[in-house]
Amino acid sequence: RLESLRDGVEAQDRQLLYKTLVEARQRRVRYADELNRIDHEDFLSYVGACKGNLHYADLAAAQLPAAGARVAQQARPPAGLAWYLDLYRIYEQVRRREGVLTFDDMLMLGWESLVRHEEILAGLRRQYQCVLVDEFQDINLAQAELLDLLTAPHRHYMAIGDDDQTIYEWRGASPRFILEFEQRYGAQVYYMTDNFRCKAPHVALANRVIEQNRIRRPKRLGLTQGFDGEAHLHLEASAEQMGRHIADETAKALQQGFTAGDIAILVRIYAQTPPIEQFLIARQIPYEVVGSEPFYERTEIRTLLDYCFIAQVEQGLNSSASWDSEQSQRFRAAWLRIYNQPTRYLSRALAEQIAEAVTQHRMPISRALGAAQHEATERQTRALGKLADDLRWLASALAARHPAEAVLRQLEERLQYMAFLKDSSGFPETGAAKAANVTTFLDYAVRKGTVPHFLRHLEELAAAHRQTIADPRQPKVTITTMFRAKGLEWPLVFVPNCNQGTIPYERMASLEEERRLLYVAITRARHTLHLHALHDQPLSQFLEEAAAVETLNNVRVLQRALTTEPKHWRTEEMVSLAVQSQRLHLADYFRCWWPAPPEQKRRIARLALRILASIDKHELRHQLAVQPGDEDLWRELAG
């Protein structure tokens, strides 16, 4: 029901944007050519972020009362996309004319109604004598101010959340709302830090990662679920090897009794998925990319493939090959997707004219483009000539049977397609992620034969994937982003590409939010966590700072000590129990959650005290990082 509601809201936003684009074209706005290439999702994200932050399209025209004017601001356009602001104004005018309220309006206009109308505010205040807000770390300015108004008379107000999981700053959330709650409202702070999901290696590593952040309330996750989980850091020779390894481990887990629904692969950006998807398909493992399409269906990838198909059509028309209605329809669809990708400022009418020349008169595309120049502006004429040259080159490259990777790389360079993707998004991360999809796709094309061979490979992949997911009731491996994983959990979690530049993502301004993302990913695992990194690239600074290799090894040694008779302990197990249980911040587990029988606890605690005494005797406290108070836990348990 929630999914259908969300789909309905998103469809309403898109319909409103379509009407806005029609209105803008009718007004003959100066940026009309830009509308042919607008990224709908990117623009709607810009509008949503503006409204969540109470950034009005036209603040002066809103004529807010003084209380509202002190909080709201005039919206600003993204860098390089000044026309977004004017289109936002038109979007708001069309929305009011149509009588539409989007989800974002429910927040901004809800807040506005309360600051404008005292009687509405008073009525709502009477309805709520106590307000509790969960996931408070995710609220934006509009929500924070609306809640402030509602709770003003009584301040019976509770915020529940975790500043370490604030991962939506890019859409208006901020850890400051929960971090400043105590001071703003004179609130009492309570800590609920016991973790009832993760095992020891996950808790220890997560604590080491997140403690590096500075904008946070100091605290640590508490272990309750014991030491029988696993966490591994794998260094891979290549992205292909990493994809194969993840698929192999997934297949092994399925053989051991896990279901596909028990397994998640958490990526920072969807560009990471191609080598993983390839080997999951080869292993006939059903999977679902939540929040995106399989890599071969993504728009930016489809565009490059459309260019190749159109070049194949050019070859066929030049050689008088047969032509049927299905090919004609495929050409028309592909052409209408790419004629302004990248921007050429061609009108839809001109594009339709070119399509008709090809489909109705069997005119080679390069000739149709030349013929269209007679009715084009000077700028369009240059663009049409360049496109004709590019398609002639591409057709000749296909005929010469050059490797797909070389052809696609040169095509991208001729089009400057990745630069176009980066420059045409209001959010830097959006454009960079699309460009990264292209980069990964070009890498994926290596050693895949000629372009026709590569296209057949992709068709076969798609067919095999459709077959593995034919039964909608069948559990599937989840591939999704760390953002979408928050609040969810799986017995087995993979996190690929734990390298600098991916985690943290190179284009993000907030290093602390990126660290919180990794923290969220690590704490999604209930039993087993696999972190993968490419060995020829720097390891993520977050894992380096957390001394991940050493931390996980220390947990493994402690695991061995707890599952082995003390008489068989080696020196490292002895030191691990006596000292590392404190350094890993797991003392409360031994106090409160350790399920060992009382007599066993006393016996091991006394042994730990003897080990610490021996360390003192041999003057090894500094060398082994023994600290004052390390004996307290074991004295308490020794009785």
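Residues numbered from 1 in each chain as written. Predicted model: local features only at pLDDT ≥ 70, side-chain atom pairs only at ≥ 80, totals over all residues. Heavy atoms only, no water.

## Topic: the sheet that holds strand 10 (residues 477-481)
Sheets are built from strands paired through backbone hydrogen bonds, the pairs being either parallel or antiparallel.
Now for step 1: With respect to topology, six strands assemble into an open sheet ordered 7-12-11-8-10-9, the strand pairing being parallel. Either end of the sheet is taken by a strand with one partner, and the two such strands are strand 7 (230-236) and strand 9 (287-289). Neighbouring strand axes in the sheet, compared pairwise and without regard to direction, differ in orientation by 20 degrees on average.
Now for step 2: As judged from the four bridges shared by strand 8 (residues 263-267) and strand 10, these two strands associate in the parallel manner. Across the sheet, residue valine 267 finds its bridge partner in strand 10, namely threonine 481.
Now for step 3: In the packing of helix 12 (residues 239-255) onto the sheet, the strands contacted are strand 7, strand 8, strand 10, strand 11 (490-495) and strand 12 (525-534), and the crossing angle to strand 12 comes to about 160 degrees.
Now for step 4: Of the strands in this sheet, strand 8, strand 11 and strand 12 touch helix 24 (residues 511-522), which is tilted by about 130 degrees from strand 12. (Pairing = 2+ DSSP bridges. Helix = DSSP H or I, 4+ residues; strand = E, 2+ residues; numbered from the N terminus. Axes fitted to C-alpha atoms, helices over the stretch in contact; angles between N-to-C directions. Contact = heavy atoms within 4.5 Å.)

## Side note on the domain arrangement of the protein chain
Now for step 1: Annotation of the protein chain at the domain level lists domain 1 (1-110), domain 2 (117-190), domain 3 (200-286 + 474-550), domain 4 (299-459) and domain 5 (568-638).
Now for step 2: The centre of domain 4, based on its C-alpha atoms, is set 67 Å off from the matching centre of domain 5. (Domains from an automatic or database assignment.)

## Thoughts on the pattern of salt bridges
Now for step 1: Across all of its chains, the model carries 55 salt bridges by this definition.
Now for step 2: The closest approach of N and O atoms between aspartate 306 and arginine 302, which form a salt bridge, is 3.6 Å. Taken together, the positions of aspartate 306 and arginine 302, both in helix 14 (residues 299-318) and four residues apart, correspond to about one turn of that helix.
Now for step 3: Residue classification places aspartate 306 among the buried positions, given a relative accessible area of 2%.
Now for step 4: The network of salt bridges with shared partners includes Lys19, Glu23, Arg27, Arg97 and Glu98. (Salt bridge = Lys/Arg side-chain N within 4 Å of Asp/Glu carboxyl O. Buried < 20%, exposed > 50% of the residue type's maximum accessible area, 1.4 Å probe, protein only.)

## A word on the packing of helix 14 against helix 22 (residues 451-468)
How two helices pack is summed up by the angle between their axes together with the distance between the axes.
Now for step 1: At a closest axis distance of 11 Å, the pairing of helix 14 and helix 22 adopts a crossing angle of 125 degrees. Classified by the angle between their axes, helix 14 and helix 22 sit oblique to one another. Once helix 14 is placed against helix 22, the crossing between them reads as left-handed. Counting all contacts with helix 14, which are made through Leu305, Cys308 and Gln312, the residues of helix 22 involved are Val451, Pro452, Leu455 and Leu458.
Now for step 2: Of the residues that constitute the contact of helix 14 with helix 22, the class distribution is six nonpolar, one polar and no charged. (Parallel < 35°, antiparallel > 145°, perpendicular 65-115°, else oblique. Left-handed = near helix turned anticlockwise from the far one by under 90°. Nonpolar A, V, L, I, M, F, W, Y, C, P; charged D, E, K, R; others polar.)

## Re the packing of helix 16 (residues 348-361) against helix 17 (residues 365-372)
Now for step 1: One way to put it is that helix 16 packs onto helix 17 with a least axis distance of 9 Å and a crossing angle of 135 degrees. Taken as axis vectors, helix 16 and helix 17 run oblique relative to one another. Relative to helix 17, helix 16 is oriented so that their crossing is right-handed. For the pair formed by helix 16 and helix 17, the contact residues are Leu350, Gln353, Ile354, Ala357 and Val358 on the first element and Ile365, Ala368, Leu369 and Ala372 on the second.

## Things to note about helix 22
Now for step 1: In this model helix 22 runs 26 Å from its N-terminal to its C-terminal C-alpha over 18 residues, within 8% of the 26 Å that 1.5 Å per residue would give.
Now for step 2: Val451, Phe454, Leu455, His457, Leu458, Leu461, Ala462, His465 and Thr468 are the residues of helix 22 that are buried. The arc enclosing the buried residues of helix 22, seen along the axis, measures out at 155 degrees, which places them on a common side. Among the exposed residues of helix 22, those pointing more than 90 degrees away from its buried face are Glu459, Glu460, Arg466 and Gln467. (Expected span 1.5 Å × (residues − 1). Arc of directions from axis to C-beta.)

## Some remarks on unusual backbone geometry
A negative phi angle is the norm for most residues apart from glycine, just as the trans form is the norm for most peptide bonds.
Now for step 1: For the bond running from glutamine 341 to proline 342, omega is 0 degrees, close enough to zero to count as cis.
Now for step 2: Relative to the assigned elements, proline 342 resides in the loop between helix 15 (325-338) and helix 16.
Now for step 3: For the bond running from isoleucine 503 to proline 504, omega is 5 degrees, close enough to zero to count as cis.
Now for step 4: Of note, proline 504 is situated in the loop between strand 11 and helix 24.
Now for step 5: The phi torsion at glutamine 284 lies on the positive side, around 60 degrees, for a residue other than glycine.
Now for step 6: Mapped onto the secondary structure, glutamine 284 falls in the loop between helix 13 (274-282) and strand 9.
Now for step 7: Residue classification places glutamine 284 among the exposed positions, given a relative accessible area of 64%.
Now for step 8: Unlike most non-glycine residues, arginine 447 shows phi in positive territory, near 60 degrees.
Now for step 9: Residue placement: arginine 447 occurs in the loop between helix 21 (428-444) and helix 22.

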